[in-house]
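The primary structure of each chain is shown beneath.
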Amino acid sequence: MSREQIVDDQVQDSGDQAQSVVMESLRNSLQDAEYEEYDRLVKALAAIDAGTYGVCADCGASIGEKRLKHFPNASRCIACQEAFEARKQ
Ligand SMILES: [Zn+2]
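Residues numbered from 1 in each chain as written. Predicted model: local features only at pLDDT ≥ 70, side-chain atom pairs only at ≥ 80, totals over all residues.

A. Main features of the overall build of the chain. When helices and strands are tallied, the chain shows three helices and zero strands. Ordered by position from the N terminus, the helices and strands of the chain form the series α-α-α. Classification of the 89 residues of the chain by burial places 7% in the buried group. (Helix = DSSP H or I, 4+ residues; strand = E, 2+ residues; numbered from the N terminus. Buried ≥ 20, exposed ≤ 12 C-beta atoms within 10 Å, placed from the backbone.)

Next comes the structure, spelled out in structure tokens:
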């Protein structure tokens, strides 16, 4: 009986631990996503203030109305964004 009790406790402990790890990584990913969104918004607002909204941060070309419609926070033209994504990988 006492042996079974110990096994039960161990199972419960590892289950709690696994859940807290999942919750922690979920919380971290939410914070990261929220921070990125916040960061993009701040940059977009700063660009509007500076009169550079809609202008590619890398090459200075117009990002384009169509692209801004789909990606209001875009800071690069399609060509520079593709180059940026390629550099990240
Ligand atoms: Zn560009």
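B. Just the environment of L68, in detail. Looking at the element boundaries, L68 is found in helix α2 (residues 65-70). Residue class for L68 comes out partly exposed when judged on the 15 C-beta atoms lying within 10 Å of it. As for L68 and G54, which are separated by 14 residues in sequence, their C-alpha atoms are 7.0 Å apart. Excluding its chain neighbours within four sequence positions, the residues that come into contact with L68 are G54, I63 and A74. (Contact = placed C-beta atoms within 7 Å.)

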